[in-house]
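Topology and contacts: notes
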Amino acid sequence: MRSGISGIVAILVLLVIVVVGYSSVFTVNQTQQALVVRLGEPVKVVTEPGLNFKAPFIDTVISIDKRILDLENPSQEVIASDQKRLVVDAFARYRIKNALRFYQSIGSIQAANIQLTTLLNASLRRVLGEVTFIQVVRDEREALMARIRDQLDKEADGYGIQVVDVRIRRADLPEQNSQAVYQRMQTERQREAAEFRAQGGQKAQEIRSRADREATVIVAEANSTAEQVRGAGDGERNRLFAEAYGKDPDFFAFYRSMTAYENGLKSNDTRFLLRPDSDFFKFFSNSSGHPPVAPAQPAASAAPKP
């Protein structure tokens, strides 16, 4: 009977030892850090992974993520120094560097995201409100993001948070302003295109006029040369005709008549209204071209004397 009671007591003692031992240890993951709280008061912070000890039943272990966390910020409308409205889409990355301060000031990741969103929006308006639209979208974007990060990191330091990076994903005009800008750009490009076309048309007209003038000059010079050559040829022809006429006038008259027959009697129903005894047909009636000799009339007989 006593041995049975002793066994039960031993089991209970062993069970108590196991429970106390289990509640006296805790493990820290590689991606986390632990804050040990005793009766509501922080005791220690464990940042290294592994097995650790705590007071059983009275200490509470709060795990806090030590990885770099993302903060997605909704699009905000910001007014630049040149009074242009911008829609800014930004995000930040941060990590918890002081678990005790983070626990005492904020307490959770959700509360930290809400607080950092407020601080990020304030930094965006403060920094971007001091520069122009062109500086935001093109000239000084990297420097502006660095300024926002530094300001946000300084303000978040009181919460035990370190801001690693701030990036502006998009900074653009509102939709209605963008449409107006695109319309103005389109109008400007159309004006430039019209100007280029007008300049091209003027240049083409100048080239066309110069080419027409040069063509006219070339044709005139060619016609002048042709006329000179034709005149020289006509002169030579007339000289040859004159020599031929002087050597054989009958042959020259025959040749001229044959040429006239060839040019006048075409196969396209050429008609002439001439007298049959006209000089044009003199070679038709006589191959020599001379008019026919009229027959001699008999001499009248003398009247008888009475």
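The rules behind each value
- Residues numbered from 1 in each chain as written.
- Predicted model: local features only at pLDDT ≥ 70, side-chain atom pairs only at ≥ 80, totals over all residues.
- Heavy atoms only, no water.
- Helix = DSSP H or I, 4+ residues; strand = E, 2+ residues; numbered from the N terminus.
- Buried < 20%, exposed > 50% of the residue type's maximum accessible area, 1.4 Å probe, protein only.
- Contact = heavy atoms within 4.5 Å.
- Areas by Shrake-Rupley, 256 points an atom, 1.4 Å probe, with all protein chains shown as cover.
- Pairing = 2+ DSSP bridges.
- Axes fitted to C-alpha atoms, helices over the stretch in contact; angles between N-to-C directions.
- Salt bridge = Lys/Arg side-chain N within 4 Å of Asp/Glu carboxyl O.
- pLDDT = per-residue confidence, 0-100.

Bringing the overall build of the chain into the picture now. Within the chain one finds 8 helices and 9 strands. Classification of the 306 residues of the chain by burial places 23% in the buried group. Put simply, of all contacts in the chain between residues at least 6 apart along the chain, 62% involve residues at least 24 apart. Entry remark: accessible area of the chain is about 21500 Å², with carbon and sulfur atoms responsible for 57%.

We now examine the pairing of strand 8 (residues 85–96). In regular strands, side chains alternate between the two faces of the sheet. In terms of burial, strand 8 is largely enclosed, as 9 of its 12 residues are buried. Looking at chain direction, strand 7 (residues 76–79) and strand 8 are connected through 4 bridges and run antiparallel. Within the sheet, the bridge partner assigned to I79 lies in strand 8 and is R85. Hairpin geometry of strand 7 and strand 8 is characterised by an intervening segment of 5 residues between the two adjacent antiparallel strands and by a positive phi of about 65° at Q83.

Turning our eyes to something else, we now look at the sheet that holds strand 2 (residues 32–38). Reading across the sheet, the 3 strands line up as 3-2-5 and stay open at both edges, with antiparallel pairing between neighbours. Pairing within the sheet leaves two strands with one partner each, and these edge strands are strand 3 (41–46) and strand 5 (59–65). Within the sheet, the average angular offset between the axes of one strand and its neighbour, ignoring direction, is 25°.

Turning our attention to the pattern of salt bridges. Side-chain pairs of opposite charge can arise whenever the charged atoms involved come near each other. Scanning the model with the defined rule gives 17 salt bridges in all. A salt bridge links D150 to R149; its shortest N-O distance comes to 3.3 Å. In this structure, E236 engages R239 in a salt bridge whose closest nitrogen and oxygen atoms are separated by 2.2 Å. Residue E236 and its partner R239 are both found in helix 6 (residues 175–247); the two are separated by 3 residues, about one turn of the helix. For E236, a relative accessible area of 37% corresponds to the partly exposed category. Three or more residues are tied together by salt bridges with common partners; here these are E72, D89 and R169.

Model confidence for the chain is summarised by a mean pLDDT of 81, while 83% of its residues fall at 70 or above. Confidence drops under a pLDDT of 50 for residues 298–306, and excluding neighbours within four residues, the segment shows 0 contacts in the predicted structure.

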